There are 2 protein chains.
Amino acid sequence: MTEKTRRTGRPPNAEAGEALKAAALRLIREQGYDGVSISAIATAAGVARQTLYNRWATKADLVLEAVFEETARYADRPAPDPQAPAADQLRVFLTGVFAHLGRDGDTLRALIAAAQQDASFGEAFRTRFVQPREEMVTEILSRARERGELPEGRSPRLMSEFIHGAFWYRLLNGQPVDDALAQEITDSVFA
Amino acid sequence: MTEKTRRTGRPPNAEAGEALKAAALRLIREQGYDGVSISAIATAAGVARQTLYNRWATKADLVLEAVFEETARYADRPAPDPQAPAADQLRVFLTGVFAHLGRDGDTLRALIAAAQQDASFGEAFRTRFVQPREEMVTEILSRARERGELPEGRSPRLMSEFIHGAFWYRLLNGQPVDDALAQEITDSVFA
DNA sequence: TTGATATATGGACTGCCGTCCACTAATTGC
DNA sequence: GCAATTAGTGGACGGCAGTCCATATATCAA
């Protein structure tokens, strides 16, 4: 259904898009998400403000894409060894996620806030960011269930919601999201 | 330390404050939190914009106070019977909280978002709203622990974080926060 | 070459925010 | 009554958001 290649018209300038994403990440790390205006990003990238709007509807959409590519570049997710004990898999996974939050937690908090204020961005954020991570945990727990490592009466889906809820709650309330929490969560789920 | 009564000067017009809170709640229910500007609230209340700023630093501070008084008016919290089984206490408490979210969940989501964007409001929101509710659950679970109703190896504090995290996560991701979730959570905590 | 199509730019415009100011109004202390 | 103090009003200001537009630019199709 979708046209992969446009047949005509001036092609988008790829450099402009890359410059915008790079400028957004740089400025936000320097001045915080809310301290950076769309105008400032466009100016820093050396393009017109309208060019940014041509690509993304909001600052949040731009930043989501930039963060997404950034994490992919650093190969953020070493897939957990499916043979290891499920508790270890979960702890390793959470440790990795929490380490990322230590670097970009403020940006993620800002994106969660943006998702509450803009329904269309919220949809994109959940689809591209939230659900995949929730499913990774659900999958670890489902394998654990099959191998009898997860105590009876615990639904992988509900446990995954609990786990994500716990660190969202900590993140959004300014509490530490660290290795100790990863250990506590893991102990609690498999106890 | 704080002076309770001012000795001199024109006294604040109590009606203006009440009119602002009432107008804020009414407009937000009609048009959504982000659809209502500070100017619109002041206009609807029939006062100058500066009068609103004299009382509250941000729209979020005004709405937090209005919601707070509103829930107090409707006597939102029938204290759970401390003699009942802890599982029942928890389920009743969660059912009550979730019913409130059905009415004002959108406003609460907006306040959580505002707390991420304004550190000073975040502090007030957590102190006045989040912590008291977290402590209520912690207390129910602590009593359950003393009476041997809470399985060993489960910290009331961590369980309370899990519980609140679970419904925050649902609320912030547009998933249902209903009686079924209250039942699931209760079963899971006491299973 | 010419026309159709799509992007890039700079500028304009409205609305709101947060702040500030001059002025008026209400209250207390002397 | 009068001065000091605080609250309320209306208006101004600069900054940013989001939208729109005229114009220039780049590419494809005929």
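Residues take numbers from 1 onward in each chain, read along the sequence in its written order. To read the labels, note that chains go from A and ligands from 1, taken in the order they are written. Restriction of local features to residues with pLDDT of at least 70 applies here, the model being predicted, together with a cutoff of 80 or more for giving and counting side-chain atom pairs; totals for whole chains, interfaces and linings are based on all residues. Each side-chain value is derived from all of the structure's non-hydrogen atoms; neither hydrogens nor water enter the calculation.

Draft legend 1. Just the packing of helix α7 (residues 156–172) of chain A against helix α8 (residues 179–190) of chain A, in detail. Residue and element names in this part refer to chain A. One can describe the packing of α7 onto α8 by two numbers: an axis separation of 11 Å at closest approach and a directional angle of 155°. Taken together, the axes of α7 and α8 are roughly antiparallel relative to one another. Handedness of the α7/α8 crossing: right-handed. Judged by residue contacts, M159, I163, A166, F167 and R170 of α7 engage L181, E184, I185 and V189 from α8. In terms of residue class, the contact of α7 with α8 is built from seven nonpolar, no polar and two charged. Orientation is described by axes fitted as lines to C-alpha atoms, over the contacting stretch for helices, and by angles from 0 to 180 degrees between their N-to-C directions. Secondary structure follows DSSP: runs of H or I at least 4 residues long count as helices, runs of E at least 2 residues long count as strands, and numbering of each begins at the N terminus. Any angle that is under 35 degrees is reported as roughly parallel, and any over 145 degrees as roughly antiparallel; angles of 65 to 115 degrees are reported as roughly perpendicular and all others as oblique. Whether a crossing is left-handed or right-handed is set by the direction in which the near helix is turned from the far one by less than a right angle, anticlockwise for left-handed and clockwise for right-handed. In what follows, residue pairs with any heavy atoms lying within 4.5 Å of each other are defined as contacts. Throughout this entry, Asp, Glu, Lys and Arg are counted as charged residues, while Ala, Val, Leu, Ile, Met, Phe, Trp, Tyr, Cys and Pro are counted as nonpolar. The remaining residues, Gly among them, count as polar.

Draft legend 2. The packing of aromatic side chains, seen in detail. Aromatic rings from Phe, Tyr and Trp, taking only the six-membered ring of Trp, are treated as a pair when their centres fall within 6.5 Å; an angle between ring planes under 30 degrees marks them as stacked, one over 60 as edge-to-face, and anything in between as tilted. Considering all chains together, one arrives at nine aromatic pairs over all chains under this definition. Taking the centre distance of 5.8 Å and the plane angle of 25° together, the rings of F121 of chain A and F125 of chain A count as stacked. Of this pair, F121 of chain A and F125 of chain A are both found in helix α6 (residues 119–146), four residues apart, which corresponds to roughly one turn of the helix. For F121 of chain A, a relative accessible area of 0% gives the class buried. A relative accessible area of 1% means that F125 of chain A is categorised as buried. Relative to F167 of chain B, the ring of F98 of chain B has its centre 5.1 Å away and its plane inclined at 65°; by these criteria the two rings are edge-to-face. Of the two residues, F98 of chain B is situated in helix α5 (residues 86–117) and F167 of chain B in helix α7 (residues 156–172); the sequence distance between them amounts to 69 residues. Here's how the labels work: a residue is buried when its accessible area is under 20% of the maximum for its type, exposed when over 50%, partly exposed in between, all with a 1.4 Å probe on protein chains only.

Draft legend 3. Quick peek at the environment of I163 of chain B. Residue and element names in this part refer to chain B. The topology assignment puts I163 in helix α7. With 56 residues separating them along the chain, I163 and T107 place their C-alpha atoms 20 Å apart. Other than its neighbours up to four places away in sequence, I163 contacts L90, L94, V137, L141, I185 and V189.

Draft legend 4. Region of interest: the protein's contact with DNA strand D. Surveying the vicinity of DNA strand D reveals 25 residues, the closest of which are R7 and R49 of chain A together with G9, R10 and T51 of chain B. Residues are counted as near a molecule or strand when any one of their heavy atoms sits within 4 Å of it. Of what DNA strand D places within 4 Å of the protein, 67% of the atoms are sugar or phosphate. A distance of 2.9 Å is found between a phosphate oxygen of DNA strand D and a backbone nitrogen or oxygen belonging to I38 of chain A. Looking at the surface near DNA strand D, the elements with two or more residues in it are α2 (38–45) and α3 (49–55) of chain A together with α3 (49–55) of chain B. Here the element with the most residues in the surface near DNA strand D is α3 of chain B; it accounts for five residues. Grouping the amino acids of the surface near DNA strand D by side-chain chemistry returns seven nonpolar, 11 polar and seven charged. The definition of a polar contact used here is a pair of N or O atoms within 3.5 Å, where within protein one atom must be able to donate a hydrogen and the other to accept one, and adjacent residues in sequence count solely through side-chain atom pairs.

Read these as geometric descriptors, not functional statements.
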